[in-house]
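So you can see what is in the structure, the chains are spelled out below.
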Amino acid sequence: ASGWGRVGHPTHGQASTDPLVFSSPPAVTSPCKILKCNSEFWAATSGSHHLGAEEAPEFCTALRAYAHCTRRTARTCRGDLAYHSAVHGIDDLMVQHNCSKDGPTSQPRLRTLPPGDSQERSDSPEICHYEKSFHKHSAAPNYTHCGLFGDPHLRTFTDTFQTCKVQGAWPLIDNNYLNVQVTNTPVLPGSSATATSKLTIIFKSFQECVDQKVYQAEMDELPAAFVDGSKNGGDKHGANSLKITEKVSGQHIEIQAKYIGTTIVVRQVGRYLTFAVRMPEEVVNAVEDRDSQGLYLCLRGCPLNQQIDFQTIRSAQATEGRARRKGPSLLAPPEAFTYETATAKCREKLPVEDLYFQSCVFDLLTTGDVNFMLAAYYAFEDVKMLHSNKDKLHLYERTRVLTPGNTAPTGTHPTLWVALLCLCWLCLL
């Protein structure tokens, strides 16, 4: 059996079912340093999972140092997915290489991968190419798009557009093959404006295609590799069906997961991260427990109590003089932008007054940070690349989830929407 259902739909139970559970949004605490542990280990080993038996002692030494580092971060990393993945991975490697937990923990530099190693494989079994394997005798798959950017603005797989609070850690995608979690932190202490400061992506092990891989990015750290230092799906024959490509160093990476027909784009714009994905509907809906999808933001949108409803204005007079409550941002004070100057600035990159334009104006007024204008611009560039329906690139009506699984459009003329949007944000302060 191929492990896939009719018309390319992955059947349940073939992907890894590791118990990686997203917790409820925690308060932002001391930063987890698991990325430092990961980078130190893989700098020391540099692909040494392919070492011969004669070099096993050096590998075990580096592995023990890795374990020691993770233990030091245990308290601050308890809710971090990459941390738990690293801990399990260390245990597995200890067993595979017959390493003792007792012994030296210095980190020698080991040799790099030899030419022609599996990390460079280009051949993959047919099952590891979604379109080639599962749609030979049927219609092409339907692709959907989800994106998160700015303060933060969410475009769901159903083209619902929302602006949300969602401070802390939230699952963006959660299906049988892929988990994505974002962490949003205040732009300034005490501010209602939040932006994405951390992103964790887990690709679950699948058949002969890929091993489980974890990608993690944080503010000022956008790696061009998975947390284990690899750039593809591991040692399996179809490893090259999962690849990371660095487009712009430290600013833009792209992950191709051909075995599930998925493309992910992650950017760092200013200090914060943006996320965009193109995924087949069949993969989007590949879940074992549909009742557990209530907090799957890309599919269901933000919970009602986390949405910012700019249509409700209680008192325009109450907004006077409140524009300075947020205080200065790291790059420019909010009062540096008026409605007119913010509008003019956003038109430089976003000439069409759609929701991306309106989000840009909103973010400039609430943060004063011109990088949020660039985040909106790049988010729309990613939509142009990833969205399968070119007639739906621009959105003009903001939508709001009324009940779980149901959306309904609400809105006004776009220009008036922007004015109301700004006023209502100040009401929320």
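It should be emphasised that the depicted structure is a prediction, and the values quoted were computed from it without experimental measurement.

## Brief notes about the overall build of the protein
Here's step 1: Scanning the protein from N- to C-terminus turns up 10 helices and 13 strands.
Here's step 2: Split into buried and exposed, the 429 residues of the protein put 54% on the buried side.
Here's step 3: The long-range share in the protein, meaning contacts at least 24 apart out of those at least 6 apart in sequence, stands at 65%.
Here's step 4: Here the protein displays about 18900 Å² of accessible surface, and carbon together with sulfur accounts for 51% of that area.

## Concerning the sheet that holds strand β5 (residues 178-186)
Here's step 1: Spatial strand order, β4-β5-β6-β7: 4 strands in an open sheet with antiparallel pairing. The outermost strands of the open sheet, each flanked by one partner alone, are β4 (168-174) and β7 (213-218). Ignoring which end each strand starts from, the neighbouring axes of this sheet average 20° apart.
Here's step 2: Where β4 meets β5, 6 bridges bridge the pair, whose relative direction is antiparallel. Paired with Ala169 across the bridge in β5 is Thr183.

## Let's talk about the environment of Cys346
Here's step 1: By the element assignment, Cys346 lies in helix α7 (residues 339-349).
Here's step 2: Not counting residues within four places of it along the chain, the set of residues in contact with Cys346 comprises Phe357, Cys360, Val361, Leu364 and Met373.

## Focus on the sheet that holds strand β11 (residues 272-280)
Two pairing modes exist for strands in a sheet, parallel and antiparallel, and in both the strands are linked by backbone hydrogen bonds.
Here's step 1: Spatially, β3-β2-β1-β11-β10-β9-β8 is the arrangement adopted by the 7 strands of the open sheet, whose pairing is antiparallel. Unpaired on one side and paired on the other, β3 (161-163) and β8 (242-248) mark the two borders of the sheet. The sheet shows a mean angle of 10° between the axes of neighbouring strands, taken without regard to direction.
Here's step 2: Across 3 bridges, strand β1 (residues 143-149) lies against strand β2 (residues 153-155) in antiparallel orientation.

## What to know about the state of the cysteines
Here's step 1: Tallied over the full model, the rule gives 6 disulfides.
Here's step 2: Residue pairing for Cys164: its cysteine sulfur links by disulfide to Cys302, the two sulfurs lying 2.1 Å apart. On the sign convention where negative is left-handed, the bridge of Cys164 and Cys302, at about 95° about the S-S bond, is right-handed. Pair noted here: Cys164 is in the loop between β3 and β4 and Cys302 is in the loop between α6 (297-300) and α7, with a separation of 138 residues, a long-range link.

## Here's the deal with the confidence of the model for the protein
Here's step 1: Here the protein shows a mean pLDDT of 74. Residues at 70 or above account for 68%.
Here's step 2: Note that residues 1-30 has pLDDT below 50 and, in this model, 71 contacts with residues that lie over four places away or in other chains.
Here's step 3: Considering only residues more than four positions removed or in separate chains, one finds that residues 399-429, a stretch of pLDDT under 50, has 78 contacts.

## Quick look at the packing of helix α8 (residues 355-367) against helix α9 (residues 371-386)
Here's step 1: It is the contact of α8 with α9, at a shortest axis distance of 8 Å, that shows an interaxial angle of 160°. By the angle between their axes, α8 is roughly antiparallel relative to α9. Relative to α9, α8 is oriented so that their crossing is right-handed. Along its contact with α8, which presents Tyr356, Cys360, Asp363, Leu364 and Thr367, the element α9 presents Phe372, Met373, Ala376, Ala379, Phe380 and Val383.
Here's step 2: Along the lines of polarity and charge, the residues of the contact of α8 with α9 split into 9 nonpolar, 1 polar and 1 charged.

## Re the pattern of salt bridges
Here's step 1: Evaluated as defined, the whole model comprises 8 salt bridges.
Here's step 2: Here Asp228 makes a salt bridge to Lys213, at a shortest N to O gap of 2.5 Å. Here Lys213 lies in strand β7 and Asp228 lies in the loop between β7 and β8, a separation of 15 residues in the sequence.

## A word on the nonpolar core
Here's step 1: In terms of nonpolar packing, the biggest core is built from 48 residues, with Phe157, Ile173, Ile201, Phe203, Tyr259 and Phe275 touching the most fellow members.
Here's step 2: Considering each element in turn, this core owes the most residues, 4 residues, to β11.
Here's step 3: Residues Ile34, Ala44, Ala67 and Leu81 belong to the second largest nonpolar core, which totals 26 residues.

## Focus on the packing of aromatic side chains
Pairs of aromatic rings are described using the distance from one ring centre to the other and the angle between the two planes.
Here's step 1: Inspection of the entire model under this criterion finds 9 aromatic pairs.
Here's step 2: Ring geometry for Tyr177 versus Phe206: centroids 5.8 Å apart, planes at 80°, classification edge-to-face. A residue pair is termed long-range when its members are at least 10 positions apart, and Tyr177 in the loop between β4 and β5 and Phe206 in the loop between β6 (194-203) and β7 qualify at 29 residues.
Here's step 3: Exposure remark for Tyr177: the relative accessible area of 1% places this residue in the buried category.
Here's step 4: Here a set of aromatic residues connected by ring pairs shows up, and it is made of Phe149, Phe161, Tyr356 and Phe380.
Here's step 5: The ring of Tyr143 carries the charged tip of Arg278 above its face, separated from the ring centre by 3.7 Å.

Each value, and the rule that gives it
- Residues numbered from 1 in each chain as written.
- Predicted model: local features only at pLDDT ≥ 70, side-chain atom pairs only at ≥ 80, totals over all residues.
- Heavy atoms only, no water.
- Helix = DSSP H or I, 4+ residues; strand = E, 2+ residues; numbered from the N terminus.
- Buried < 20%, exposed > 50% of the residue type's maximum accessible area, 1.4 Å probe, protein only.
- Contact = heavy atoms within 4.5 Å.
- Areas by Shrake-Rupley, 256 points an atom, 1.4 Å probe, with all protein chains shown as cover.
- Pairing = 2+ DSSP bridges.
- Axes fitted to C-alpha atoms, helices over the stretch in contact; angles between N-to-C directions.
- Disulfide = S-S within 2.5 Å.
- pLDDT = per-residue confidence, 0-100.
- Parallel < 35°, antiparallel > 145°, perpendicular 65-115°, else oblique.
- Left-handed = near helix turned anticlockwise from the far one by under 90°.
- Nonpolar A, V, L, I, M, F, W, Y, C, P; charged D, E, K, R; others polar.
- Salt bridge = Lys/Arg side-chain N within 4 Å of Asp/Glu carboxyl O.
- Core = buried A, V, L, I, M, F, W, Y, C linked by side-chain atoms within 4.5 Å.
- Phe/Tyr/Trp six-rings, centres within 6.5 Å; stacked < 30°, edge-to-face > 60°.
- Lys NZ or Arg CZ within 6 Å of the ring centre and 35° of its normal.

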